[in-house]
Amino acid sequence: MAATRHGLIHVTVTMTCFVQQGVLKVKRFLSCFCVAVALAGFCQVSTASAQQAGAGNIAVIDIPVIFKNHALFKKQMDELKGSVDSAEQALTQDRDAMKAMVEQLQSYKAGTPEYKQLEEKMAKVQADLQVKVGMQKKDFMEREARIYFNTYNQVTQTVATFAQRHNITLVLRYNSNEIDPTNRQSVLEGVNRPVIYQNQIDITYDILNILNNGVATRPQVGGGSQVPQPRF
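Residues numbered from 1 in each chain as written. Predicted model: local features only at pLDDT ≥ 70, side-chain atom pairs only at ≥ 80, totals over all residues. Heavy atoms only, no water.

Topic: the packing of helix α4 (residues 113-165) against helix α6 (residues 204-212)
In the contact formed by α4 and α6, the axes pass within 10 Å of each other and the chain directions differ by 115 degrees. For the pair α4 and α6, the sense of crossing is right-handed. Mapping the contact onto sequence places Gln154, Val155, Thr158, Val159 and Phe162 in α4 and Asp206, Ile207, Ile210 and Leu211 in α6. In the contact of α4 with α6, the residues fall into six nonpolar, two polar and one charged. (Axes fitted to C-alpha atoms, helices over the stretch in contact; angles between N-to-C directions. Helix = DSSP H or I, 4+ residues; strand = E, 2+ residues; numbered from the N terminus. Left-handed = near helix turned anticlockwise from the far one by under 90°. Contact = heavy atoms within 4.5 Å. Nonpolar A, V, L, I, M, F, W, Y, C, P; charged D, E, K, R; others polar.)

This is the structure we're talking about:
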């Protein structure tokens, strides 16, 4: 009887230990399962947040609009245009002087000392004029290139600073002009545009406001907002 009772006690203790171990295993399993579910949820949320942040870290800028409304660029180009106009007026005066010499030459008899002297003078004046025009054209082209280069550098540096402050990782160039289906060049440019669609990620006028630094300007939008092309 005592042996039987002892056996029952042993069985009871063994079952109790087995049940306790089972409960512990179940608890551990449930705990691991909950942690796994929580981690999975966290990963999903993190992935969604990363995707959302990634989408928000892209912006576009309309460079043609920037150049068309950049106050300093327009001022420098107007000054360059003034220099070109002055050079053209001086060239007109030189051409008028050449025309007068041609008329004077026609009044002389060919082969006379006066004719030869004036003819040599005209050749020298014409050669000097060609050199002068060539040097002026080169100077104007270099000045124009520097204006474009300095302006574009200023734009890119301003964009970089703006992007860093607003956690923007990528800024793409785009053109807001509508494609003219009747203009082959417009169609080709439109087909080659890197940005096909954008929605509320345009920083063009934010950058313009910084570049113009409070200068009162009226933005020129639409209607052929192309980057001003070099005239030389």
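So that's the structure; there's more coming.
With respect to unusual backbone geometry
Even without being a glycine, Asn167 presents a positive backbone phi close to 60 degrees. Along the chain, the position of Asn167 falls in the loop between α4 and β2 (170-174). Accessibility expressed as a relative area gives 51% for Asn167, which makes it exposed. Although it is not a glycine, Gln200 sits at a positive phi angle of roughly 60 degrees. Along the polypeptide, Gln200 turns up in the loop between α5 (184-191) and α6. (Buried < 20%, exposed > 50% of the residue type's maximum accessible area, 1.4 Å probe, protein only.)

Describing the nonpolar core
Counting 23 residues, the largest nonpolar core has Ile61, Ile66, Val155, Ile203 and Ile207 as its most contacted members. Put simply, the parts of the chain that give this core at least two residues each are β1 (58-62), α2 (63-69), α3 (71-106), α4 and α6. If one sorts the elements of this core by residue count, α4 sits on top with seven residues. Once residues within four sequence positions are removed from consideration, Ile203 is found in contact with Ala59, Val60, Ile61, Phe162, Ile168 and Val171. (Core = buried A, V, L, I, M, F, W, Y, C linked by side-chain atoms within 4.5 Å.)

A short note on α3
The end-to-end C-alpha distance of α3 is 52 Å, a good match for the 52 Å that 36 residues give at a rise of 1.5 Å each. The complete set of buried residues in α3 reads Ala71, Phe73, Met77, Leu80, Val84, Ala87, Leu91, Met98, Met101 and Leu105. (Expected span 1.5 Å × (residues − 1).)

Quick look at the packing of α3 against α4
Two elements in contact, α3 and α4, have axes separated by 11 Å at closest approach and are oriented at 170 degrees. The orientation of α3 relative to α4 falls into the category roughly antiparallel. In the contact of α3 with α4, the residues fall into 19 nonpolar, six polar and seven charged. (Parallel < 35°, antiparallel > 145°, perpendicular 65-115°, else oblique.)

Notes on the pattern of salt bridges
Going through the model one piece at a time under the given rule, you end up with four salt bridges. Between Lys75 and Glu79 there is a salt bridge, and its shortest N-O distance comes to 2.7 Å. Of this pair, Lys75 and Glu79 are both found in helix α3, four residues apart, which corresponds to roughly one turn of the helix. What makes Lys75 partly exposed here is its relative accessible area of 48%. The partner of Asp94 in a salt bridge is Lys132, and the shortest N-O contact between them spans 3.3 Å. (Salt bridge = Lys/Arg side-chain N within 4 Å of Asp/Glu carboxyl O.)

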